[in-house]
Amino acid sequence: SLHPPYEAHSELLLNFTLQNPPHGQEPTSIGIQSRLFDPHILSALSHEYQPLFHYANARRFNCSAGAVCCSTGDVGGGVGNVTANGNHTNDNSTTESSNNADFPGKNSSTDNSTGNSTGGCCNCSMVVTKMVSARNLWTHLNLSNWNSKSTTSGVVMNSTVMDSAEQNGAPMRVAFFTMAAIKQSTTAGDRINTLTASFQTNIEIKYGWTITITGLVNTLTNSTSFLPITTYMTRGSMRKALKVLDFGNTAKWEKGNGTLTLGIQIFRTYAFANYSIEFDLTNPSEGQDGQHIYISVSAGYADLGMIATIRPTRMQAGDANAAPLLTLDLLVKRIAQATPSARASNSISVTIVARAGIEAGSVLEISGLTGSTTADSEVMRVDVGVPEVYLKNSSVSASVGSFNTSGNWRRQEGRLSIAITGYVLPNVHYTLRFTLDNPDHGQKPPVVFIQVTGVSWMPRTVMERAGGNGAALGVALWMAQTSKNASIGQSSPYPSAINTITVTLGIESSIYDMESLITVSGLTGTVTPSGPIQVTQIVANATAHVLQIKSSNWSVASGSLELGFNSSLLPFEVYVLAFDVCNQAPMQDARHVDIEMSGSIALLRQRIRSDVGNFAPLLIGGFSVKNVSQSTALRNALNTVYVTLVLNIDLGRSPLHIHLSGLNGSQTPDTSTLNLTSSDEKSLHVISQYANWEQTSGVLSLTILPFHSVVPQGESVAAKTIRASNPMVFSFQLINPASAHSSGQILVRGSSDGVIIASAAAMARGQGYRAPLFVANFLVATIAQSSVAQSERSCQPLHQPSVCVPGDSKECKCSINTISVKFALNVPLKAPAQLTLQGLTGSLDSGLYELPVRCTVVVPSPSLSAGHVSARVAESVLKAGFVEWDPLILSNTSQ
């Protein structure tokens with residue numbers, strides 16, 4: 001509110017405080033407008049003398065400490081107070097919102113206010129407005145008339161976009177880094193690394209302010225107040241960077257917290273100029289990932305002008321090896337061998353994963369492989385590979401060729417040097433394989449080292465070696481074939497039966513290490529709980545060597561038995577060990593069983609030779625094939641049910657009793673003489689003639705005989721046993737339910753001589769309407785018509801000669817009725833299927849006629865795509881789904 005007098009060409013200084021946003025931004029356009037309300041002046045004014053703003057500008061005013069704030073990682077604004085320097089006084093009045101869109105909301109003006117910053121942010125952002133009118137005006141803004149709708153309530157002075165102060169004084173400019181990035185020159189550990197920090201701000205940075213770069217941790221450079229720096233600057237259209245001294249020649253470096261502090265050595269920097277600062281630090285001696293680096297600006301002295309700060313902002317790291325303080329080492333550096341046998345040709349594998357990329361021109365050096373008998377070679381073959389999971393990436397596949405396919409081998413030092421001819425990608429598993437001859441005597445595995453030299457550099461470090469027999473050039477102290485005569489078998493293949501597992505092994509060399517353990521694994525499929533288990537030795541004769549078993553522990557999850565001994569194992573002695581387990585109920589194939597020895601003397605895992613037939617370890621009986629289907633899905637139909645069974649074990653000459661359950665819904669009454677029919681000549685000699693049927697429970701019981709009572713001439717009795725993999729195919733007939741019926745789960749189990757041969761298991765049912773006792777049904781069946789109108793008595797049948805044309809009201813006296821039928825089936829139908837509609841009585845149409853019918857699929861089956869629907873209908877193939885027939889045209893009766 002402006003109080004008179006207010007003369008033309010006088011300046012009015014408005015001071016007010018705003019809180020900056022919590023993020024950096026560029027200045028906004030400021031508009032100014034005024035309205036006059038004094039009626040004496042209004043009556044004297046004409047259009048040409050309306051008040052105008054001669055000029056108007058807006059700028060920031062000097063504030064107390066730092067007016068620009070930010071949240072973590074961003075720049076932002078703050079709030080504070082200043083002392084206004086205007087010529088007007090505070091009248092504590094409030095200006096309500098104007099009807100003009102340039103002044104939305106409510107604003108309060110307060111002058112001569114002082115105070116501290118609030119809100120936990122920085123201090124003030126100040127807009128100072130100077131206004132000069134073109135005429136002498138005695139003005140008084142009458143608040144009661146501000147929103148008056150009277151045409152004479154006031155005169156609006158022109159709306160003006162104010163001139164903004166430049167640089168930091170531009171109103172609502174909030175400081176931030178428009179660009180901040182950092183990169184490095186090398187990944188080499190314990191080497192001098194040139195780092196380049198580049199940045200650009202939207203404000204001028206004044207003398208006395210500081211720029212701080214943090215996060216440069218773990219370097220070997222000691223703290224100093226005079227770390228040499230070099231600064232380059234580009235701005236505008238400059239094509240070449242200019243070397244400047246805006247930040248002097250040195251900076252303060254603090255090793256402990258990894259902080260570099262730059263002081264402004266000139267009056268100010270340029271806003272939106274690109275500054276690049278180079279400085280050297282010594283990389284850590286051990287590898288590390290690229291660091292997250294932050295940069296910030298802090299105000300220096302409040303009496304030097306408008307103050308701004310930029311809170312720490314994360315700098316963009318350089319790509320790949322340029323990431324700041326990324327230091328090369330190997331995340332994986334594992335070496336292993338294929339065999340511990342003396343005099344064996346031994347494949348050595350080296351797996352590496354680099355933290356940073358390794359440049360071409362470098363050399364990978366593996367040393368410490370002492371003891372090998374392989375002679376020096378300049379061209380030792382090296383095979384390089386990566387796991388299959390990486391091969392989908394073309395750049396990884398190409399990088400396999402980054403290693404030379406031959407290396408330089410020196411026997412005395414046990415050193416292999418491999419040239420790197422291309423870029424080795426970081427975080428990719430590379431496996432290098434080469435062959436060395438094991439020594440002709442036992443030795444403990446040597447300590448092996450690895451390093452990178454040349455363009456990329458990594459200091460020598462100890463490799464991780466595989467355990468047990470996998471330790472590179474660790475050669476067993478005995479000639480080992482592990483278990484030359486090892487074999488394993490069982491006593492019972494029946495479900496849920498007690499099963500004696502017998503392990504036979506022979507050792508070529510003496511095992512005298514009492515700390516070694518023999519582990520037999522892979523015996524899964526038991527329900528024997530984990531824990532100690534009794535193991536006995538079967539001694540063939542009185543002179544046999546008796547083992548002293550110290551421990552025997554069973555693990556049901558891995559199916560493994562771990563054995564410890566208090567006595568040595570003699571060379572070439574055959575040992576037979578036995579223990580009992582309980583088979584699981586579900587069938588399973590025989591297991592592949594492994595044996596290994598661990599401890600200070602270790603033998604790698606090796607497959608044990610398994611017994612055959614029913615004696616194969618953990619072969620558990622059951623039906624490996626168990627299929628059931630039907631011939632028809634019609635209601636009340638005599639339905640043939642087909643069954644195919646195949647046992648996975650030999651049964652011998654005992655009869656097999658089979659029980660099928662879940663055949664519920666049939667109308668066939670109980671009988672003990674349900675006919676069975678063999679559907680395969682191979683099964684003729686095993687299928688009994690009759691089965692027992694229980695309607696209520698839906699259970700069919702039958703017996704499969706091992707052979708005919710009279711063995712055909714030329715065939716032995718043994719040939720007529722029930723053997724594994726011999727299909728048993730038969731069928732029987734049941735009456736289908738009288739109404740729609742779904743097929744339920746059907747179980748089959750087998751027994752012989754009171755012993756469960758095959759536990760109950762779900763059978764594989766035929767698909768769709770082939771599932772046993774599945775009965776077809778209409779899921780939807782509706783019928784509708786188009787007309788209820790009667791035909792006139794003079795109407796002639798629509799489908800007889802001389803019939804009138806439908807729709808011809810002059811000639812035709814018939815009421816035409818379109819019958820629409822919609823139905824959905826739960827089974828597919830194929831031609832020549834027939835759909836019959838009964839009960840359509842009362843039509844004038846009589847006799848037999850070929851009525852036109854149109855069939856469309858309304859809701860196709862999910863198995864049919866839209867592109868197949870028309871073709872399916874054209875082939876008269878009707879899939880399960882909604883089908884609509886329309887029209888079926890008949891003539892209504894005249895009654």
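Residues numbered from 1 in each chain as written. Predicted model: local features only at pLDDT ≥ 70, side-chain atom pairs only at ≥ 80, totals over all residues. Heavy atoms only, no water.

Asker: Looking at this structure, I do not really get the overall build of the protein. What am I missing?
Answerer: A count of helices and strands for the protein gives 3 helices and 63 strands. Per-residue burial over the protein gives 44% buried out of 895 residues. For the protein, the accessible area works out to roughly 44,200 Å², and carbon and sulfur atoms hold 51% of it. (Helix = DSSP H or I, 4+ residues; strand = E, 2+ residues; numbered from the N terminus. Buried < 20%, exposed > 50% of the residue type's maximum accessible area, 1.4 Å probe, protein only. Areas by Shrake-Rupley, 256 points an atom, 1.4 Å probe, with all protein chains shown as cover.)

Asker: I would appreciate a short explanation of the pattern of salt bridges in the present structure.
Answerer: Where charged atoms of side chains with opposite charge meet at close range, the side chains can pair. Inspection of every chain in the model, using the stated rule, returns 7 salt bridges. Measuring nitrogen to oxygen at the nearest pair gives 2.5 Å for the salt bridge that ties Arg 410 to Glu 378. In this pair, Arg 410 sits in strand S30 (residues 406–410) while Glu 378 sits in strand S28 (residues 377–381), placing the two residues 32 residues apart along the sequence. Salt-bridge contacts for Asp 383 lead to Arg 381; the nearest nitrogen and oxygen are separated by 3.0 Å. According to the relative accessible area criterion, Asp 383 is partly exposed, its value standing at 36%. (Salt bridge = Lys/Arg side-chain N within 4 Å of Asp/Glu carboxyl O.)

Asker: Any chance you could explain the pairing of strand S59 (residues 816–825) here in plain terms?
Answerer: For a regular strand, side-chain orientation follows a simple rule: the groups alternate between the two sheet faces. Along S59, 7 of the 10 residues are buried, which leaves the element largely enclosed by surrounding structure. One ladder, built from 7 bridges, connects strand S58 (residues 778–785) with S59; its direction is antiparallel. What sits directly across from Ala 781, in S59, is Phe 823. (Pairing = 2+ DSSP bridges.)

Asker: Would you mind showing me how to read the environment of Ser 624 here?
Answerer: The residue Ser 624 is located in strand S47 (residues 623–630) in this model. Ser 624 sits 24 residues away from Asn 648 along the chain, and the two C-alpha atoms are 5.7 Å apart. Ignoring anything within four residues of it in the chain, the contact list for Ser 624 reads Met 587, Val 646, Leu 647 and Asn 648. (Contact = heavy atoms within 4.5 Å.)

Asker: Where do I start with the layout of surface pockets in this structure?
Answerer: It is the rolling of a water-molecule-sized probe over the atoms that shows where space remains empty. Approximately 560 Å³ is the volume found for the second largest pocket. Surrounding the second largest pocket, 18 residues form its lining, Ala 633, Leu 634, Ala 776, Val 827 and Leu 829 being those nearest its centre. Split into classes, the residues belonging to the lining of the second largest pocket amount to 11 nonpolar, 5 polar and 2 charged. (1 Å grid on protein atoms, 1.4 Å probe; cavity = no way out; pocket = protein on both sides within 12 Å on 5 of 7 lines; lining within 4 Å. Points joined across faces, edges and corners; volume = space filled by probe spheres on them. Nonpolar A, V, L, I, M, F, W, Y, C, P; charged D, E, K, R; others polar.)

Asker: Teacher, can you tell me more about the nonpolar core here?
Answerer: The nonpolar side chains of soluble globular proteins are, as a tendency, buried together. Counting residues in each nonpolar core, the largest one holds 38 residues, and the members touching the most others are Ile 352, Leu 369, Phe 403, Tyr 430 and Phe 434. Elements with a contribution of two residues or more to this core: strand S25 (330–337), strand S26 (345–354), strand S27 (363–367), strand S31 (415–419), strand S32 (430–437) and strand S33 (449–453). With residues near it in sequence (within four places) discarded, Phe 434 still touches Asn 346, Ser 347, Ile 348, Val 350, Ile 366, Leu 369, Met 380, Arg 381 and Leu 416. Counting residues in each nonpolar core, the second largest holds 34 residues, with Ala 175, Ala 251, Leu 262 and Phe 279 among its members. (Core = buried A, V, L, I, M, F, W, Y, C linked by side-chain atoms within 4.5 Å.)

Asker: Would you take a moment to explain the sheet that holds strand S19 (residues 250–254) for this structure?
Answerer: Each strand in a sheet pairs with another by means of backbone hydrogen bonds, the pair being arranged parallel or else antiparallel. Pairing in this open sheet of 6 strands is antiparallel, and the strands run S16-S19-S20-S15-S22-S23 from one edge to the other. Of all the strands in the sheet, the pair left with one neighbour each is strand S16 (224–228) and strand S23 (310–314). Averaged over all adjacent pairs, the angle separating strand axes in this sheet is 25°, with direction ignored. One ladder, built from 4 bridges, connects strand S15 (residues 210–214) with strand S20 (residues 259–263); its direction is antiparallel. Bridge pairing links Thr 212 to Thr 261 in S20. (Axes fitted to C-alpha atoms, helices over the stretch in contact; angles between N-to-C directions.)

Asker: I tried to follow the packing of aromatic side chains on my own but got confused; where do I start?
Answerer: For the coordinates displayed, the defined rule picks out 7 aromatic pairs. Arranged with centres 6.1 Å apart and planes meeting at 50°, the rings of Trp 554 and Phe 579 form a pair that is tilted. In this pair, Trp 554 sits in strand S41 (residues 549–555) while Phe 579 sits in strand S43 (residues 573–582), placing the two residues 25 residues apart along the sequence. Judged by relative accessible area, Trp 554 falls into the buried class, the value being 3%. Residue class for Phe 579 comes out buried when judged on its relative accessible area of 2%. Three or more aromatic residues joined by ring pairs make a cluster, and in this case those are Phe 177, Phe 199, Phe 247 and Tyr 275. Stacked on the ring of Trp 457, the Lys or Arg Arg 191 has its end atom at 3.7 Å from the ring centre. Over the aromatic face of Tyr 270 sits the side chain of Arg 235, whose NZ or CZ is 3.8 Å from the ring centroid. (Phe/Tyr/Trp six-rings, centres within 6.5 Å; stacked < 30°, edge-to-face > 60°. Lys NZ or Arg CZ within 6 Å of the ring centre and 35° of its normal.)

Asker: Mind showing me how you'd approach the confidence of the model for the protein here?
Answerer: Overall, the predicted model of the protein reaches an average pLDDT of 76, with 69% of residues at or above 70. Below a pLDDT of 50 lies the segment residues 477–484, which in the model reaches 29 contacts outside its immediate sequence neighbourhood of four places, other chains included. Here residues 862–887 is a poorly scored stretch, pLDDT under 50, and it has 64 contacts once near neighbours within four places are set aside; other chains count. (pLDDT = per-residue confidence, 0-100.)

Asker: Just checking my understanding: could you explain the sheet that holds S25 for this structure?
Answerer: Pairing is mixed across the open sheet formed by 5 strands, whose spatial order is S29-S32-S26-S25-S35. The sheet is open, and its two borders are formed by strand S29 (383–385) and strand S35 (464–465), each paired with just one other strand.

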